[in-house]
Amino acid sequence: METAIARRFMSAVVGFRLPYPPVFTCRRLAACTMRNYRYRRFDPSDAPSVCGCVRSRERLQRISGDCGDSLTPDILHRWSSDARAAIVVHLVHDQTAAGFCTLSRQEVAGLPDAAIEICHFVVSPAWQFRGLGSFLFYSARALAWHLGYRSLLGRIVPSNLPALTLATSLSGQEIAANEMSLPSSFRWFRWSLTSDCLRWEFYHATCAERSQGDRFV
Ligand SMILES: CC(C)(COP(=O)(O)OP(=O)(O)OC[C@H]1O[C@@H](n2cnc3c(N)ncnc32)[C@H](O)[C@@H]1OP(=O)(O)O)[C@@H](O)C(=O)NCCC(=O)NCCS
């Protein structure tokens, strides 16, 4: 408990965060880290750092059906141009992308009209366990709301324990694939998009000085 308070103090006052072991509750820490992270639209100049997040075949297979030993700029270009939006998260004082995801209706057929899928979701190995995945999710969720969607879907390879833990921690509602005729080789999660997304944005805006580049709409 004392350690947790010390970490929050360091985050709030000193402005940087210590690495933390996974035993701490992520939700609370994710709230702290909002001071230190920003989100913005993906730019082609982000390609090297995003590709650096996916340097193994196993990681690539966790986030897409693409074959290869690692993520390449060509694959990344296709993902981002097929998507409704692609975003990155980065540290306040460092523009280098540390996480990436897309919002897409192209990756799977048969999504309901008001739904969009969160895809290609990845955090740099160097930045895992610091609440960045949660921050990336909340950023994508707020953007999906602004784009007019009312439901966010995510699919996870059943053996991907970190992603399943993240989805559960983010209160995703697991749905049966056959409920919407979705591919049954994945576990599917759904989040309803409500004005709660705006509450998160407001919180983020009050925590962080938002630059023009942070705005999506
Ligand atoms: C899954 C992933 C995005 C999580 O990113 P992250 O920045 O570490 O996530 P957070 O720090 O916000 O953690 C969120 C929750 O997930 C849990 N979690 C994260 N990594 C975990 C791991 N390796 N094992 C178990 N739980 C894990 C955290 O403990 C936390 O749970 P809590 O809220 O109950 O404390 C990251 O591990 C990753 O990029 N993995 C490879 C690509 C991938 O699998 N993408 C998902 C495709 S569906």
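Up top you'll find the structure we're talking about.
Residues numbered from 1 in each chain as written. Predicted model: local features only at pLDDT ≥ 70, side-chain atom pairs only at ≥ 80, totals over all residues.

A. Summary view of the overall build of the protein. Secondary structure summary: the protein contains 8 helices and 7 strands in total. Within the protein, buried positions represent 34% of all 217 residues. For the protein, the share of sequence-separated contacts (at least 6 apart) that also reach a separation of at least 24 residues comes to 61%. (Helix = DSSP H or I, 4+ residues; strand = E, 2+ residues; numbered from the N terminus. Buried ≥ 20, exposed ≤ 12 C-beta atoms within 10 Å, placed from the backbone. Contact = placed C-beta atoms within 7 Å.)

B. Main features of the environment of Y149. Take Y149: it is sitting in the loop between α6 (132-146) and β5 (151-156). C-beta crowding within 10 Å serves as the criterion here: with 22 such atoms nearby, Y149 is assigned to the buried category. Taking the C-alpha atoms as reference, Y149 lies 8.2 Å from D113; in sequence the two are 36 residues apart. With sequence-adjacent residues up to four places away left out, Y149 is seen in contact with A114, A115, I116, A144 and L193.

C. Geometry of the nonpolar core. Counting residues in each nonpolar core, the largest one holds 50 residues, and the members touching the most others are L136, A140 and A144. Ranked by residue count, the leading element in this core is α6, at 10 residues. Aside from chain neighbours lying at most four places away, what touches A140 is I87, C101, L103 and I118. (Core = buried A, V, L, I, M, F, W, Y, C linked by C-beta atoms within 7 Å.)

D. Fine view of the pairing of strand β4 (residues 115-123). For β4, the buried fraction is high: 8 of the 9 residues fall into the buried class. Two elements, strand β3 (residues 94-104) and β4, share 5 bridges in a ladder whose sense is antiparallel. Opposite F100, over in β4, you have V122 as the bridge partner. Pairing analysis gives 3 bridges linking β4 to β5, with the strands arranged parallel. Paired with I116 across the two strands is L152, which belongs to β5. Considered for its hand, the β-α-β crossover made up of β4, α6 and β5 is right-handed. (Pairing = 2+ DSSP bridges. Right-handed = clockwise from strand over helix to strand, strands pointing away.)

E. Broad picture of the environment of L111. Turning to its location among the elements, L111 is positioned in the loop between β3 and β4. According to the C-beta neighbour criterion, L111 is partly exposed, with 18 such atoms within 10 Å. Expressed as a C-alpha distance, the spacing of L111 and S181, which sit 70 residues apart in the sequence, is 8.8 Å.

F. Examining unusual backbone geometry more closely. Phi is positive for F129, which is not a glycine, with a value near 70 degrees. Mapped onto the elements of the fold, F129 is located in the loop between β4 and α6. Assessed through the 15 C-beta atoms surrounding it within 10 Å, F129 is described here as partly exposed. In this model, S181 sits at a positive phi of 55 degrees, which is unusual for a non-glycine residue. For S181, the position within the fold is in the loop between β6 (173-175) and β7 (187-192).

G. Summary view of the sheet that holds β3. On the basis of which strands lie adjacent, the open sheet formed by 7 strands has the order β1-β2-β3-β4-β5-β7-β6 and mixed pairing. The sheet is open, and its two edges are formed by β1 (37-41) and β6, each paired on a single side. Sheet twist, expressed as the mean angle between neighbouring strand axes with direction ignored, is 35 degrees. Of the strand pairs in this sheet, β1 and strand β2 (residues 85-91) are connected by 5 bridges, and their pairing is antiparallel. Looking at the pairing, R41 lines up with I87 of β2. On the sheet, helix α5 (residues 73-82) packs against β2, β3 and β4 and is oriented at approximately 55 degrees with respect to β3. Of the strands in this sheet, β1, β2, β3, β4, β5 and β7 touch α6, which is tilted by about 50 degrees from β3. (Axes fitted to C-alpha atoms, helices over the stretch in contact; angles between N-to-C directions.)

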